[in-house]
Protein chains: 2
Amino acid sequence: MSVKTILLDHGSGGLASQQLISELFLKHLDNPVLRDLEDSAVLANQEGNIVFTTDSYVVDPLFFPGGDIGKLAVHGTINDLAMRGAKPYCLSLGLILEEGLRFEELERVIISIADACREAQVPVVTGDTKVVPKGKGDKIFINTSGLGFVDKDIDISSKNAREGDLVILSGTMGDHGITIMTQRAGISVQGDLQSDTMPLHGLVAQLLRELPTAVHTLRDPTRGGVASTLNEIADISGLTIELSDEALPVRPSVRAACELLGLEPLYLANEGKCLAIVDQDHAQEALAVMRATEEGKEAAIIGRLVAGKTGRVIINTPVGGTRVVTPLHGMPLPRIC
Amino acid sequence: MSVKTILLDHGSGGLASQQLISELFLKHLDNPVLRDLEDSAVLANQEGNIVFTTDSYVVDPLFFPGGDIGKLAVHGTINDLAMRGAKPYCLSLGLILEEGLRFEELERVIISIADACREAQVPVVTGDTKVVPKGKGDKIFINTSGLGFVDKDIDISSKNAREGDLVILSGTMGDHGITIMTQRAGISVQGDLQSDTMPLHGLVAQLLRELPTAVHTLRDPTRGGVASTLNEIADISGLTIELSDEALPVRPSVRAACELLGLEPLYLANEGKCLAIVDQDHAQEALAVMRATEEGKEAAIIGRLVAGKTGRVIINTPVGGTRVVTPLHGMPLPRIC
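Residues numbered from 1 in each chain as written. Chains lettered and ligands numbered in written order. Predicted model: local features only at pLDDT ≥ 70, side-chain atom pairs only at ≥ 80, totals over all residues. Heavy atoms only, no water.

(A) Seen up close, helix α6 (residues 201-210) of chain B. Within α6(B), the full set of buried residues consists of B:H201, B:L203, B:V204, B:L207 and B:L208. The arc that holds every buried residue of α6(B), seen down its axis, measures 155 degrees, which confines them to one face. (Buried < 20%, exposed > 50% of the residue type's maximum accessible area, 1.4 Å probe, protein only. Helix = DSSP H or I, 4+ residues; strand = E, 2+ residues; numbered from the N terminus. Arc of directions from axis to C-beta.)

(B) Structural view of the interface of chain A and chain B. Chain A puts 75 residues into the contact, and the matching count from chain B is 75 residues. Of the roughly 6,300 Å² buried between chain A and chain B, counting both surfaces, carbon and sulfur atoms make up 53%. In terms of surface lost to chain B, no three residues of chain A exceed A:I50, A:F52 and A:R223, which account for 12% of the buried area on that side. At the junction of chain A with chain B, the criterion picks out 8 salt bridges. One can count 40 residue pairs in polar contact (both at pLDDT 80 or more) joining chain A with chain B. A per-class count over the side of chain A that touches chain B returns 29 nonpolar, 29 polar and 17 charged. Across 3 bridges, the pairing between strand β1 (residues 41-43) of chain A and strand β2 (residues 49-57) of chain B is antiparallel. Bridged to A:L43 within β2(B) is B:I50. (Contact = heavy atoms within 4.5 Å. Buried area = accessible area lost by both parts, 1.4 Å probe. Salt bridge = Lys/Arg side-chain N within 4 Å of Asp/Glu carboxyl O. Polar contact = N/O pair within 3.5 Å; in protein donor to acceptor, adjacent residues only side chain to side chain. Nonpolar A, V, L, I, M, F, W, Y, C, P; charged D, E, K, R; others polar. Pairing = 2+ DSSP bridges.)

(C) Layout of the sheet that holds strand β6 (residues 124-132) of chain B. The strand order across the open sheet formed by 5 strands is β1(A)-β2(B)-β7(B)-β5(B)-β6(B), and the pairing between neighbours is mixed. Of all strands in the sheet, those bounded by a partner on one side alone are β1 of chain A together with β6 of chain B. Neighbouring strand axes in the sheet, compared pairwise and without regard to direction, differ in orientation by 15 degrees on average. Where helix α3 (residues 69-82) of chain B meets the sheet, its contacts fall on β2, β5 (87-98) and β7 (140-150) of chain B, and the angle it forms with β2(B) comes to roughly 150 degrees. (Axes fitted to C-alpha atoms, helices over the stretch in contact; angles between N-to-C directions.)

(D) Looking closely at the packing of helix α5 (residues 175-185) of chain B against helix α8 (residues 252-261) of chain B. Residues and elements named next belong to chain B. For the pair α5 and α8, the least separation of the axes is 10 Å and the interaxial angle reads 50 degrees. In terms of orientation, α5 lies oblique with respect to α8. As α5 runs across α8, the sense of the crossing is left-handed. Together, D175, I178 and T182 of α5 and V254, A257, C258 and L261 of α8 make up the contact between the two elements. (Parallel < 35°, antiparallel > 145°, perpendicular 65-115°, else oblique. Left-handed = near helix turned anticlockwise from the far one by under 90°.)

(E) Spatial organisation of the pairing of strand β6 (residues 124-132) of chain A. Residue and element names in this part refer to chain A. Counting buried positions along β6 gives 8 out of 9 residues, so the element sits mostly inside the fold. Relative to β6, strand β5 (residues 87-98) runs parallel, the two being bridged by 8 bridges. Its bridge partner lying in β6, G94 is registered against D128.

So this is what it looks like as structure tokens:
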């Protein structure tokens, strides 16, 4: 491609826009629907209820150990669909580019999106690109909206969590959040910190195939971490969630970095983990199903829903004490995803 | 609401985010699906093929005569669905806010979105909000993605345009583009310039009810204007499009402002107009159907598809001459929508 940086012209809707579409987007993301280059994609309908979601990604830096903004945008939206039990069907891709962005950087992100879509088998079928003047954006902001289908008999929602249900976390906490934070702070810590960005629709499909009715709630603890997501579930269900400190899976390198920075892994963003609230009689079975997958091999039962003060999350500490896990108010660091 | 400006905390995923959702978004956009506050919306499926689209809106200024960024985001995405013959079903709303944005401004935009959704009867069912630090965005960027359904027998696409078809434009050209330009330039012109932002799904539904097979192509000439959109259709169909200069509808105030600024209305963005490529035997009928609607009361037949040089748009001038209408390369002014 002839351009080396993104110009305002690339957002004009004229020839420069067309060039960007054909020489960059179609080159890497090509599929029959996208190739039509219409303003909307027309797609065959599928069985089941429709699931629809949207997320914008503004992570800084664009590239980080374990991933980049492109992967995050594909995985995050796929995971939002999966958390309702849906099979993801397709994505839209809305880009807001800052004038002066290096073409190479954009192409690297687009290639990463293409790879993530291919691996997840969920195509981008429609897109849009806007360019804002230098200083009015920050390199690349991405919106991915997603469309999926869920069997009419599947009903997964935060409001379905019940007293006695167990809480399963599909793997270690805080990997994404601490990776971005140490990158941003320029801190080098020992160990191999990297983002956990990963699509979870395969794990969810497996879980629902084996246990179609035992899974009451699925949530991915992204911004605000496990603590904030569980507080929301406790609020909606009107129950208390009791966590066991010793059961919480945290990678040693993440724990070390958290201690160094004075952070609590419970509040750190995850981009490849889910919380499953499961009927207590099937929780061990659900755990086994999750552990049999690559994505869920470090899954653990971390707590239980009990009667008590509505909307409260408490944690039982190893020394026999109890403390309240309050929801996050603000943010330890902005632009984590 | 207690906050007066948007803080980074409002994008944290914690309590501040929750507060923004309940005290602003739910307050104005409330509906049963949105109220669930899940990461994805689950919706009843409908008959027909699925139509899916996305668009980001970065218009500057946020508020302008005839509309604002919120209305534009609702109408623009509805229109992209309508241009495939779809009945719009629901929207997603992704906001990227700049730290320091005045809460009042945001609320004014959200109220405008709510009004536009109510009028169009297309609800926002899922959303996401990110906040970027001051100087890393520009007040408000909006992404709306849209979902609609189209009858399986309806096939509307740029590639369906045929030799002999007539080109109908649903109303005057350039109203949106010239309004934004004069606002941005701080130019005061005589007359009543205002954006034409308007949803067109009602007009399209009426057209397809009366003439389900005669309409071959529908496109809304937004960025790049009528000239760029027709060049794309000429390219895809492999035909020449011949326009009649005298037939092109332009409001006198728009023409005057264009003359003052040295602009050509054919290249200016429209946000409430469509181009319909219609079988020649039914074009008069289609024109009558459009003119009977409020949105299309100034519709006109502006040209014809003829054999000739592939992908060329030409215009016959009143003095008997012909000139080529080249596609726009870059942009007369960025951030028009």
